[in-house]
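# Breakdown of the fold
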Amino acid sequence: MSNTVEMSIAKAINAGLRRAMKDNDKVLVFGQDVAQLGGVFRVTEGILDEFGPTRIFNSPIAEAGIVGTAIGLAMRGYSSVAEIQFEGFIFPAFNQITTQLAKIQNRSEGYLSMPVVIRVPFGGGIGAVEHHSESPEAYFAHTPGLRVISPSTPNDAYWMIQQAVASKDPVLFFEPKRRYWQKGPVNLDAPPAGMHTAKVVREGNQVTIATYGPMVTTSLEAAAMAAEEGTSIEVIDMRSMAPIDFNTIIESVKKTGHLVVVAEANVNVSVASEVAARVSELAFYHLEAPVIRVGGFDVPYPAAKLEEKFLPDADRILEAVDRSLAY
Amino acid sequence: MTSQDRVPMVQLLNPEGEYGVPSAYAEYGKYIEDLKEEDFLKFYRDMARMRRFDYEATALQRQGQLGLWIPAIGQEAAQIGSGYAVGHNDHIFPSYREHGVAITHGIDLMSILKMLRGVNHGGWNPDETRFHLYAIVLATQTLHATGYAMGVKFDGKVGNGDLENDLAVITYIGDGATAEGEASESFLFAATNKVPLVYFIQNNQYAISSPVATQTTVPLFQRGAGFGVPGIRIDGNDVLASYAVTKKHMDDAREGAGPHLIEALTYRMGAHTSSDDPTKYRSKEEEEYWKARDPLARLEKFLRRQGINQSFFDECDAAGEELSAYVRSETFALGNPPIENMFKHVYSEAHPLIEEQLAWLEGYEASFLDAPQGGAN
């Protein structure tokens, strides 16, 4: 009998963090407002009561300081889980993440490891003000030395946060904020595949959709709608944007011959672009149509009343599916 | 000179090499009383070694053996004095000009030349040497030092009165780097966490070509005060002030007093790097002013007043010759690193891109070995 409970993605991250903190007393959680308040999304709610102020504490509102001190703590043997409150506020820390955190293991020839997890709520669809709805994952996926992942289900959220904490490498953990309250079963006993393994979340044989983060749910909706009209779509949750598990995508493309890549991020020079490029190199003769990317437009994330038109939805995904099949 | 230079500073050895402890600085003077003659000789020996190394490295760069050289001539007292004040458990987070501090912590000087030749990024073990790798992006290391010191505090290694196990952290930055936002964030995190950390600012008057006035309107020793990091200015060309003041504040930090800042007023007698041309932005008169305050000449005057024989200085010269010969022969013998080095330690755990690209490059390189050798026939 597996020990399975129903919970939201936010609660699953919380439960995963607690388990990681129990397993290793060198795990620290910090960031803006994470302690008494439990973060603006309450992801860390109650951890202060259970673990006390030596394990979870509020940081000053200084993102470079949050990541820079996490690096110093790693040098002293601590594993930090640092929260950046919203993805739009990660840029003051960009220097520490890309010039330091990503490079220190290589620079030190392996004398130092960097077990640092940076938790980042990302993506739109919540009607927020500017800088609270973006998808900046490509900057980090582009940077050698970083690992970049995103869970789309409570079960993945629970396990992938623990896998990220256990990694000796720095991990950017992008949390799909509009799905925080989405519920699902969490198997507390058996971890799923490793955090960089893509997963087929719906089987099909005519078109492959590769996606990650908040767009997994949207892509599954699109696949269900297509099924009613007799089109069979296979949906792959990539789970990891760096490294990308190309094998799972290639295997699916060999079967379907059609690939649509879906993400919220604007498409130009994006993770979706990399998927399109590599699949063209690795499965050229299996493709019946060019790889199509579906994402945000290449404009600054718009004011909230326009985000519905900016973000891909099931219809926009199906428009791309139709285009691919008609090619 | 500017109004900033009229701020009082701790000086125990004047430019004439005369030792004296003004009553205001008695708390620092007692650290000098604990020193023996051998300690003063050690200071001189290493300051002379640092300067000789600098001359040799400059020559090697001019001969095309190094990609770049970062001179530290004029900063010997600031670095050797403070370096020797660091305790046997303490950790050091340098910027990129701290060749003298490296000498005081047993870093092989060839490691520094290898880095500037482009063989690697330093290569020493930061944990074992407690001297962390050079930080090229200005002020980034101040936050690493702060985080490290937070960890020291979480480990309970502060304020136990246990000199064997307690430890403190020191980070070196230049006057230019104080302008970086990360330096300010570091002051804030250090103060709010009350960590055992000393900031040692070498104010060598210039950030490449920009004078200190470009970076600050208040003396730099005051820079931390608003964050809760008190500061003091010292004569950075006085090795005894550098040693005593650093030792006191490292001891205080280890005992739980929280962070402190030291501004060492000194002068970069050489260029910013071998790519720089100081004649474009500073005067001969200014250089002469500081030449009269040369830290090495000052210590020599002091030692001669103490009755140290010429034979000691001759020994130092001979050691300098030996050091020069060593770094020259070692530098000429350096090969290029193997290509796989760039793929190593990018990640601690397996990564498909690294494996794939290394395999490709090895195959590509090997394809040249299979090609027919020799010229056209």
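Predicted, not measured: the structure shown is a model, and the values here were computed from it.

Scoring rules and cut-offs
Residues numbered from 1 in each chain as written. Chains lettered and ligands numbered in written order. Predicted model: local features only at pLDDT ≥ 70, side-chain atom pairs only at ≥ 80, totals over all residues. Helix = DSSP H or I, 4+ residues; strand = E, 2+ residues; numbered from the N terminus. Rg over C-alpha atoms; globule rule 2.2 N^0.38 Å. Buried ≥ 20, exposed ≤ 12 C-beta atoms within 10 Å, placed from the backbone. Contact = placed C-beta atoms within 7 Å. Arc of directions from axis to C-beta. Pairing = 2+ DSSP bridges. Axes fitted to C-alpha atoms, helices over the stretch in contact; angles between N-to-C directions. Domains from an automatic or database assignment. Expected span 1.5 Å × (residues − 1). Nonpolar A, V, L, I, M, F, W, Y, C, P; charged D, E, K, R; others polar. Parallel < 35°, antiparallel > 145°, perpendicular 65-115°, else oblique. Left-handed = near helix turned anticlockwise from the far one by under 90°. Right-handed = clockwise from strand over helix to strand, strands pointing away.

A separate point is the overall build of chain B. Helix and strand counts for chain B come out as 13 helices and seven strands. In terms of C-alpha radius of gyration, chain B reaches 22 Å, essentially the compact-globule figure of 21 Å for 377 residues. Looking at chain B as a whole, 45% of its 377 residues are labelled buried. Contacts in chain B between residues at least 24 apart in sequence constitute 78% of all its contacts with a sequence separation of at least 6.

Looking now at the overall build of chain A. Scanning chain A for helices and strands turns up 12 helices and 14 strands. Here chain A, with 327 residues, has 57% of them falling under the buried criterion.

Here we take up helix α11 (residues 295-305) of chain B. One turn of an α-helix holds 3.6 residues; hence residues three or four places apart share an orientation. Residues and elements named next belong to chain B. Buried residues of α11: Pro295, Arg298, Leu299 and Phe302, and no others. Down the axis of α11, the smallest arc covering the buried residues is 95°, so these residues share one side. Taken together, the buried residues of α11 touch α2 (37-62), α3 (76-85) and α9 (239-254).

Let us now look at the sheet that holds strand β4 (residues 79-83) of chain A. Residue and element names in this part refer to chain A. Pairing within the open sheet is mixed, and its seven strands lie in the order β3-β2-β4-β5-β7-β6-β12. Edge positions in the sheet fall to β3 (56-58) and β12 (240-242), since each has one partner strand and no second. Strand-to-strand, the axes of this sheet are offset by a mean angle of 20°, without reference to chain direction. Note: strand β6 (residues 147-149) against β12, two bridges, orientation antiparallel. Paired with Ile149 across the strands is Ser240, a residue of β12.

A word on the domain arrangement of chain B. In terms of domains, chain B is made up of domain 1 (3-333) and domain 2 (339-370). One C-alpha centre belongs to domain 1 of chain B, the other to domain 2 of chain B, and the line joining them spans 39 Å.

Bringing helix α3 (residues 63-75) of chain A into the picture now. With 13 residues, α3(A) should reach 18 Å at 1.5 Å per residue; the first-to-last C-alpha distance of 19 Å fits that figure. In the stretch just after α3(A), Gly77(A) is the one whose phi turns positive, near 100°.

What follows covers the domain arrangement of chain A. Residues and elements named next belong to chain A. Segmenting chain A into domains produces domain 1 (4-187) and domain 2 (199-326). Listed by partner, the interface residues are 23 residues for domain 1 and 20 residues for domain 2. Contributing elements (two or more residues each) for the side of domain 1 that touches domain 2: α6 (137-141), β6 and β7 (171-176). Of the residues belonging to the side of domain 1 that touches domain 2, the class tally is eight nonpolar, nine polar and six charged.

This part is about unusual backbone geometry. With an omega dihedral of -5°, the bond running from Ala242(A) to Pro243(A) counts as a cis peptide bond. The phi angle at Arg130(B) is positive, at roughly 60°, despite the residue not being glycine. Looking at the element boundaries, Arg130(B) is found in the loop between α6 (126-129) and α7 (140-154). Taking the number of C-beta atoms within 10 Å as the measure of exposure, Arg130(B) has 19 and is therefore partly exposed.

As a further point, take the interface of chain B and chain A. Listed by partner, the interface residues are 35 residues for chain B and 34 residues for chain A. Considering every element that reaches the side of chain B that touches chain A, the biggest residue donor is α7(B), with 11 residues. Here the side of chain B that touches chain A is built from residues that sort into 15 nonpolar, 15 polar and five charged.

So, on to the packing of helix α8 (residues 215-228) of chain A against helix α12 (residues 314-326) of chain A. Residue and element names in this part refer to chain A. At a minimum axis distance of 9 Å, the contact between α8 and α12 shows a crossing angle of 60°. By the angle between their axes, α8 is oblique relative to α12. Both α8 and α12 take part in a crossing whose hand is right-handed. Touching Thr218, Ser219, Glu221, Ala222, Met225 and Ala226 of α8 are Ala314, Ile317, Leu318 and Val321, all from α12. For the contact of α8 with α12, the class distribution of residues is seven nonpolar, two polar and one charged.

Bringing the environment of Gln222(B) into the picture now. Counting through the fold element by element, Gln222(B) comes out in the loop between β5 (210-211) and β6 (231-235). Along the primary structure Gln222(B) and Leu261(B) are separated by 39 residues, whereas in three dimensions their C-alpha atoms are 8.5 Å apart.

This part covers the sheet that holds strand β3 (residues 197-203) of chain B. Residue and element names in this part refer to chain B. Within the open sheet, the five strands sit side by side as β1-β2-β3-β7-β6. Their pairing is parallel. Here the strands that pair on one side only, and so sit at the sheet edges, are β1 (91-93) and β6. Strand-to-strand twist of the sheet, defined as the mean angle between neighbouring strand axes without regard to direction, takes the value 20°. Contacts between α7 and the sheet are confined to β1, β2 (169-174) and β3, with β2 contributing the most and set at about 170° to the helix.

Time to look at the pairing of strand β10 (residues 207-211) of chain A. Residue and element names in this part refer to chain A. Extensive coverage of β10 is indicated by the burial of five of its five residues. Across the two faces of β10 the burial is the same, with Val207, Ile209 and Thr211 and Thr208 and Ala210 all buried. The pairing of β10 with strand β11 (residues 233-237) spans five bridges and is parallel. Looking across to β11, one finds that Thr208 is bridged to Glu234. Between the parallel pair β10 and β11, the chain is carried across by α8, and the sense of this crossover is right-handed. One ladder, built from four bridges, connects β10 with strand β13 (residues 259-266); its direction is parallel. Opposite Thr208, over in β13, you have Leu259 as the bridge partner.

Turning to the packing of α2(B) against helix α12 (residues 310-333) of chain B, a few remarks are in order. All names here are of chain B. Viewed as axis vectors pointing N to C, α2 and α12 meet at an angle of 35°, and their least axial separation amounts to 9 Å. Here α2 and α12 pass one another in a crossing that is right-handed. Facing α2, whose interface residues are Leu41, Tyr44, Arg45, Ala48, Arg49, Arg52, Phe53, Glu56 and Leu60, α12 presents Phe312, Cys316, Ala319, Gly320, Leu323, Ser324, Val327, Arg328 and Thr331. Of the residues that constitute the contact of α2 with α12, the class distribution is 10 nonpolar, three polar and five charged.

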